[in-house]
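# Coordinate inspection notes
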Amino acid sequence: MSVDFSTDPTAQGFFAPMRFEADIEDCETQGEIPPELNGSFYRTCLDRRYPPRYADDTPYNADGAVDMFRIANGNVDFRTRYLRTARYTAERAAHRALFGRYRNRLTSDPSVAQLSHNTGNTTPLLFNGRLLCLKEDSPPMAVDPNTLETLCEWDFDGQMTARTFTAHPKLDPRTGELIAFSYEARGDATYDIAVFIFDAQGKLKRQWWFKSPVLSMMHDMAITDRHIIIPTTGMVTSRERLDAGLIHWTYDSSVPCHVAILPRDGSGEVRWFQGTPDQAMLLHTTNARTEGDRVILDAPVASANFHPYFPNADGSGFDVAGVSPNIRRWTFDLSSTRTDWDEEILFDGIRATSMVRIDDRFLGQPFRYSYILAVDPKMPFDRARGGNLSVRVANAWWRFDHANGTIDRAYVGSTHGLAEPQFVPRHRDAPEGDGWVIGVANDFSQMRSELVIVDAQQMQRGPVARVKLPFRLHTQVHGWWVAG
Ligand SMILES: [Fe+2]
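Here's what I pulled together on the structure shown here. (Residues numbered from 1 in each chain as written. Predicted model: local features only at pLDDT ≥ 70, side-chain atom pairs only at ≥ 80, totals over all residues. Heavy atoms only, no water.)

Considered as a void within the structure, the second largest pocket measures approximately 1000 Å³ in volume. In this structure, the second largest pocket is lined by 42 residues; those nearest its centre are Leu171, Asp360, Arg361, Trp480 and Trp481. At six residues, strand β33 (residues 475-483) tops the list of elements feeding residues into the lining of the second largest pocket. A per-class count over the lining of the second largest pocket returns 18 nonpolar, 13 polar and eleven charged. (1 Å grid on protein atoms, 1.4 Å probe; cavity = no way out; pocket = protein on both sides within 12 Å on 5 of 7 lines; lining within 4 Å. Points joined across faces, edges and corners; volume = space filled by probe spheres on them. Helix = DSSP H or I, 4+ residues; strand = E, 2+ residues; numbered from the N terminus. Nonpolar A, V, L, I, M, F, W, Y, C, P; charged D, E, K, R; others polar.)

This is the structure we're talking about:
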């Protein structure tokens, strides 16, 4: 049998699977790596080893790979490895894809019916000595943070009994607790949600189990010092849909966002709030805080389907304009019996992406800055030299100042696309915003990728350093910085 990606439009040119592992010591660098920048930047990426069994499958169903840029004393080493999931190992032995459409076991080869479909391809996060590579349809994959060797599918020493685990748990910077949730927690098409709090040593401190009013994708969450906030999206599924052999999700514009809020200390019940259909698509949260009886959540929110590979339930085509979120502030009044919330649009007129991060030391607390990936029409993109890409190129990082409403823009080149920004503080006690924004840029004209480092307080100056790899990199989903 042959490995042939030529008919897969998502696997061409710069986006062809990389399908190799690499170590590079002393990477080529232009500019000066700030001497205070000391740590490891991890990325989880999509990289199919074999062509998908179904042409309409989503790229999010690709094998997971994890990259590490290790930065010390102005020097950078790079390493990338595939995650040795059960799925990867079985398909490698068979020399072809065995797993079918995204999150639909009925479309897989019968030989893997009992195997985990975990790819671990969404978010890396260091907790209690393990690098957890997360995919929301499965438990975490535990990886050695130094060698990137895959260790096992990790259930927190048997304490985490759900079948799934979010790709966006929150590490509370004040307590060291890991706060997470699972949806479809008792298996495919179940309405069960589980919420877990682990202490800094990894011991399960509290858990909740309850039902969701909708069978919906729940991709991200938020925490405050007192509350846990979990939104649904307009992406829905059903047992019938899976039995019909379809891809897991369809976007139903009539299903509004529902938001679960529960007190972290276990002192009260979960409360559900219900939005309007134009409030459906909250993929990632920016940050949240509790003020008195009010929970305040900032997030990019779109009004339509974010993903062309998850079809619209009403049969309509994909609306490119609908994927661009604006930044909204949702305020939930816990002192009233209201089941809706107040909405304010921040940074009026701005359309970005949902790839937003903050200075993680301020997670769950009042904060000033967020950093977001953007398609910036003010910044030129050279389509001829950039490869005439059919996709919209996210070509800028913006820093939002939530205190005064201003935006600072970083741009790294006319043939470059960027991945999610990662904020790194100058040192542990540096004031909020004092540090760098780092991340990977793809130079489409050179077919090479680079790690770019931007001073967070001088975004407009562009990179102070570029760490250039001699090849292109696979598509990143999310990244994670570990200091020291
Ligand atoms: Fe995400």
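A separate point is the sheet that holds strand β6 (residues 123-127). Here we have four strands laid out as an open sheet, ordered β6-β7-β8-β9, and antiparallel in their pairing. Only two strands of the sheet have a single partner each, and these edge strands are β6 and β9 (150-153). Strand-to-strand twist across the sheet, computed as the mean angle between neighbouring axes with direction ignored, equals 30°. The pairing of strand β8 (residues 141-143) with β9 spans three bridges and is classified as antiparallel. Bridge assignment links Val143 to a residue of β9, and that residue is Thr150. (Pairing = 2+ DSSP bridges. Axes fitted to C-alpha atoms, helices over the stretch in contact; angles between N-to-C directions.)

Time to look at the packing of aromatic side chains. Tallied over the entire structure, the rule returns 26 aromatic pairs. Ring plane angle 45° and centroid distance 6.1 Å describe the contact between Trp154 and Phe156, whose orientation is recorded as tilted. With respect to burial, Trp154 and Phe156 carry one shared label: buried. Relative to Trp272, the ring of Phe210 lies with its centre 6.2 Å away and its plane at 70°, an arrangement referred to as edge-to-face. Of this pair, Phe210 sits in strand β13 (residues 204-211) while Trp272 is found in strand β19 (residues 271-274), placing the two residues 62 residues apart along the sequence. Cluster of aromatic residues (ring-pair linked, three or more members): Phe127, Trp154, Phe156, Phe165, Phe196, Phe198 and Trp209. Lying over the aromatic face of Trp398, Arg409 brings its terminal NZ or CZ to 5.0 Å of the ring centre. (Phe/Tyr/Trp six-rings, centres within 6.5 Å; stacked < 30°, edge-to-face > 60°. Buried < 20%, exposed > 50% of the residue type's maximum accessible area, 1.4 Å probe, protein only. Lys NZ or Arg CZ within 6 Å of the ring centre and 35° of its normal.)

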